[in-house]
Amino acid sequence: MAATVSGLVTRTVEALVLSHSGGTTIAVTDVPASPLAAHADLVLATRVRATGLRSEAVLARHAQMAVLDVLYVAVAQRTYDSTTVAMAATQEAVRPYRGDGGGN
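This report concerns the structure included in the present document. (Residues numbered from 1 in each chain as written. Predicted model: local features only at pLDDT ≥ 70, side-chain atom pairs only at ≥ 80, totals over all residues. Heavy atoms only, no water.)

What follows covers the overall build of the chain. Within the chain, the regular secondary structure consists of 4 helices and 3 strands. Mapped from its N terminus to its C terminus, the chain presents α and β elements in the order β-α-β-α-β-α-α. Here the chain has a C-alpha radius of gyration of 17 Å; the compact-globule value for 104 residues is 13 Å, and the former is much larger. With the C-alpha coordinates aligned to their principal axes, the bounding extent of the chain is approximately 45 × 40 × 25 Å. Here the chain, with 104 residues, has 23% of them falling under the buried criterion. Surface accessibility of the chain: about 7300 Å² in total, with carbon and sulfur atoms responsible for 59%. Averaging the coordinates of the 8 positive side-chain charges in the chain and doing the same for the 8 negative ones gives two points 7 Å apart. (Helix = DSSP H or I, 4+ residues; strand = E, 2+ residues; numbered from the N terminus. Rg over C-alpha atoms; globule rule 2.2 N^0.38 Å. Buried < 20%, exposed > 50% of the residue type's maximum accessible area, 1.4 Å probe, protein only. Areas by Shrake-Rupley, 256 points an atom, 1.4 Å probe, with all protein chains shown as cover. Lys, Arg positive; Asp, Glu negative; His and termini not counted. Charge placed at Lys NZ, Arg CZ, Asp CG, Glu CD.)

The following block contains the structure:
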């Protein structure tokens with residue numbers, strides 16, 4: 001999965017191309033006709049309009065984060081047992097690096 005507002009970020013496009021090893025690739029972008037979208041199996045377009053209160057770029061990033069959060073929750077719900085094991089392992093792995101006293 002790769003996300004970029006413009007769909008033009010070279011590193012992001014390259015990362016998506018390199019990750020295409022049998023799994024489904026997903027692009028989250030504001031530009032469905034972008035190079036990123038062209039290399040993805042599935043494109044999730046996030047469209048926003050500037051309202052005058054915030055720039056379009058900020059709004060686009062918020063829309064993309066909402067899409068990513070929904071996908072995360074959907075996958076986690078469908079794979080609950082393995083997700084809880086993976087989350088516990090991740091929490092343990094980062095414990096020494098936490099700034100809130102979670103380490104030794």
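Still to come is the rest of the account.
Within helix α1 (residues 10-18), burial applies to T12, V13 and L16. An end-on view of α1 places all buried positions within 100° of arc, on one side of the element. For α1, exposure combined with an orientation more than 90 degrees from the buried face picks out R11 and L18. Where α1 is buried, its residues meet β1 (2-4), β2 (26-29) and α2 (35-38). (Arc of directions from axis to C-beta. Contact = heavy atoms within 4.5 Å.)

Right, let's get into the nonpolar core. A general tendency of soluble globular proteins is for nonpolar side chains to be buried together. One finds A2, V13, L16, A27, L36 and A40 forming the largest nonpolar core, which totals 6 residues. Not counting the four nearest positions on each side in its chain, A40 is found in contact with L16, T25, I26 and A27. (Core = buried A, V, L, I, M, F, W, Y, C linked by side-chain atoms within 4.5 Å.)

Function cannot be read off these values alone, since they describe shape.
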